[in-house]
Amino acid sequence: MAEQLDSPNDAEATQKASRLGLTLFIVYTLVYLGFVLLNAFAADTMDTVVVAGLNLAIVYGFGLIIVAIVMAFIYGFASRTDTAAAAPNGGDHGSTTEGAEGPAK
């Protein structure tokens, strides 16, 4: 379901989240592009042992996964903070577990 924006603050928070998401996407794309280009044009470099007997390909690959997870946490935390700050009632957005008749018994 699409959620309607209640105020200009919501629109601003959404715009900030979009900019952050696009920035993180571009950063990750560049990091991944480095991995692909190394594999395509300097494959011998990927055979270099860098840590505990692991070659650069393995370390870089796991690094990509870790970077993606860290970026997801950054985006999630930043988006939640922006949304909570923009909401007039502390980020609740009016959602409750109560129905129209009142609290469940």
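All values derive from a computational prediction rather than experimental measurement.

All right, on to unusual backbone geometry then. Not every positive phi belongs to a glycine, and Ala-52 is a case in point at roughly 45°. Following the sequence through the fold, Ala-52 ends up in the loop between β1 (49–51) and β2 (54–55). What makes Ala-52 exposed here is its relative accessible area of 79%.

Applying the stated criterion across every chain, the model contains 1 salt bridge. Notably, a salt bridge pairs Glu-12 with Lys-16, separated by 3.9 Å at the nearest N-O pair. Of the two residues, Glu-12 and Lys-16 are both situated in helix α1 (residues 8–41); the distance of 4 residues between them amounts to about one turn of the helix. Here Glu-12 falls in the partly exposed class, since its relative accessible area comes to 42%.

Take a nonpolar patch on the surface next. Nonpolar side chains collect at one region of the surface, where Val-50, Val-51, Leu-54, Ile-58, Val-59, Phe-62, Ile-65, Ile-66, Ile-69, Val-70, Phe-73 and Ile-74 lie side by side and expose about 1100 Å² of accessible area between them. Going through the elements one at a time, β1 and α3 (56–86) are the ones with two or more residues in the nonpolar patch. If one sorts the elements of the nonpolar patch by residue count, α3 sits on top with 9 residues. Assignment of secondary structure puts Leu-54 in strand β2.

Conventions used here
Residues numbered from 1 in each chain as written. Predicted model: local features only at pLDDT ≥ 70, side-chain atom pairs only at ≥ 80, totals over all residues. Heavy atoms only, no water. Helix = DSSP H or I, 4+ residues; strand = E, 2+ residues; numbered from the N terminus. Buried < 20%, exposed > 50% of the residue type's maximum accessible area, 1.4 Å probe, protein only. Salt bridge = Lys/Arg side-chain N within 4 Å of Asp/Glu carboxyl O. Patch = residues over 30% accessible without salt bridge, like charges linked within 9 Å, V, L, I, M, F, W, Y side chains within 5 Å. Areas by Shrake-Rupley, 256 points an atom, 1.4 Å probe, with all protein chains shown as cover.

Just distances and angles here, no functional claims.
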